[in-house]
Amino acid sequence: MALAEQVLDLLHLTRRDIHQQHHRAASRLPATKVVSMTATAATIRRDDSSWPTVTAALPAPLDQGSAFGIPEVDADGRVCGFQEKPASPHPLPGDPGRAYASMGNYVFSAACLMRALRGAHRCGETDFGNHVLPRLLRTGQMFAYDFASNEVPGLNGYEEPAYWRDVGTVDAYFEAHQNTLGSEPRLDLFNPDWPILSSSYQGPVARVVGGEVDNCLLGAATLIQRARVRNCIVRREAVVEEGADLKDCIIMDYVRIGRGASLRRAIVDRHNRIAAGTDIGLDPGEDRRRYTVSPSGVVVVPRGRPTFYPRGTRRPGSRYGE
């Protein structure tokens, strides 16, 4: 089933809940985007202006518009058309050098969404992007919310104020992780005024026995055993053995990096065991033979056996909460 059809199916499943719970608004947020956004801002804008449908959009230089979907808006912010990755993007009113880039986020009034879903169901329509959104667009009641005006409390001066990334490619996903590193990251994950909440995992803190750890994020229960780890995100319960050398890597949960292994610009998915002495990201030809390699050279090691846990096997009832 296509993703757009899955989205529509999920929205249909919410119709009963929207009706029974008397919700005033509903939102659609894509899973392939990273965004620091106060959704209430778009909701308030919709309520105050009687806008049944609001789509979030970020002003982007016109020469970059061909990489995005472009909502065409009038002077009042009403969406009157939509271009999908056009060669010649429609500029913003009064701003010929920029165009709105669609962020894929939508806030609907509950009544408006229910009408659109009922209409799609009657017509046998199955695609959210190709059927439901054009139906809403034809009503003339879809408006664009300027994400550049979004205000998130507690941001530091060095952070990107309107942070948004489409992480639908390996390279974009990798770069978004890099944005969280450094003494002044573009997206600082620590913000008590607008917290990015982690899961309910209840394991212990990370432990560094020795070695060199520079500019890294370490997940709970991670164990670094006299290894060299630089510019990396290492998630929970990962183990990096003595003599291993990691640089510019994303190490997912439950991964063991063997003694003396060397990794560069690699993403290692969950439940993996990287054998001692393995080189990844150092030989492009060998990497392409064994793994997926992105256009910029990021190596992706696929998910391992789900029963593998680097810090010991799991007995029923003994797992830390996730």
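These numbers come from a predicted model, not from an experiment.

A. Molecular detail of helix α3 (residues 110-122). Under the 1.5 Å per step criterion, the end-to-end length of α3 is 18 Å for 13 residues, consistent within 8% with the ideal 18 Å. Taken from the residues just after α3, glycine 124 is the one with a positive phi, measuring 70°.

B. Structural detail: the confidence of the model for the protein. A residue-level look at the protein finds 82% of positions with pLDDT of 70 or above and a mean pLDDT of 83. Note that residues 1-8 has pLDDT below 50 and, in this model, 15 contacts with residues that lie over four places away or in other chains. Within the model, the stretch residues 18-33 combines pLDDT values under 50 with 45 contacts to residues more than four positions away or in other chains.

C. Region of the structure containing unusual backbone geometry. Phi is positive for lysine 85, which is not a glycine, with a value near 45°. Mapped onto the elements, lysine 85 comes out in the loop between β5 (79-84) and β6 (98-109). Among the residues examined, lysine 85 registers a relative accessible area of 52% and is labelled exposed. Of note, the phi angle at tyrosine 254 is positive, near 60°, even though the residue is not glycine. Among the secondary structure elements, tyrosine 254 is positioned in the loop between β15 (250-251) and β16 (256-257).

D. Seen up close, the nonpolar core. Formed by 22 residues in total, the largest nonpolar core has its most connected members in Leu246, Ile251, Ile257 and Leu263. For this core, the secondary-structure elements that each account for two or more residues are β11 (223-230), β18 (266-268) and β22 (299-301). Among the elements that line this core, the one with the most residues is β11, at three residues. Setting aside chain neighbours within four positions, we find leucine 263 in contact with Asp245, Leu246, Lys247, Cys249, Ile251, Ile257, Val268, Ile274 and Ile280.

E. Region of the structure containing the sheet that holds β22. Sheet architecture is open: six strands sit in the order β10-β12-β15-β18-β22-β21, paired in mixed fashion. In the strand order of this sheet, the two ends are held by β10 (217-218) and β21 (292-293), each with one partner. Here three bridges tie β18 to β22, and the two strands are oriented parallel to one another. Residue pairing in the sheet places alanine 266 in a bridge with valine 299 of β22.

F. The pairing of strand β3 (residues 53-61), seen in detail. With eight of nine residues buried, β3 lies mostly within the body of the structure. Across five bridges, β3 lies against strand β7 (residues 142-146) in parallel orientation. Across the sheet, residue threonine 55 finds its bridge partner in β7, namely alanine 144.

G. Spatial organisation of the packing of aromatic side chains. One pass over the structure, following the stated rule, counts two aromatic pairs. Summarising the aromatic geometry, the rings of phenylalanine 68 and tryptophan 164 are spaced 5.9 Å apart at their centres and angled 45° between planes, so their arrangement reads as tilted. Remark: tryptophan 164 occurs in strand β8 (residues 164-166) and phenylalanine 68 occurs in the loop between β3 and β4 (69-73); sequence separation between them is 96 residues. Here tyrosine 254 and tyrosine 309 contribute two aromatic rings whose centre-to-centre distance is 4.9 Å and whose plane-to-plane angle is 65°, an arrangement assigned as edge-to-face. With tyrosine 254 in the loop between β15 and β16 and tyrosine 309 in the segment after β22, this residue pair connects regions lying 55 residues apart in the sequence.

H. Representation of the environment of proline 52 within the structure. With respect to the helices, strands and loops of the structure, proline 52 is situated in the loop between α2 (39-49) and β3. With relative accessibility at 12%, the residue proline 52 sits in the buried group. Here the alpha-carbon distance between proline 52 and glycine 140, two residues 88 residues apart in the chain, equals 9.8 Å.

What counts and how
Residues numbered from 1 in each chain as written. Predicted model: local features only at pLDDT ≥ 70, side-chain atom pairs only at ≥ 80, totals over all residues. Heavy atoms only, no water. Helix = DSSP H or I, 4+ residues; strand = E, 2+ residues; numbered from the N terminus. Expected span 1.5 Å × (residues − 1). pLDDT = per-residue confidence, 0-100. Contact = heavy atoms within 4.5 Å. Buried < 20%, exposed > 50% of the residue type's maximum accessible area, 1.4 Å probe, protein only. Core = buried A, V, L, I, M, F, W, Y, C linked by side-chain atoms within 4.5 Å. Pairing = 2+ DSSP bridges. Phe/Tyr/Trp six-rings, centres within 6.5 Å; stacked < 30°, edge-to-face > 60°.

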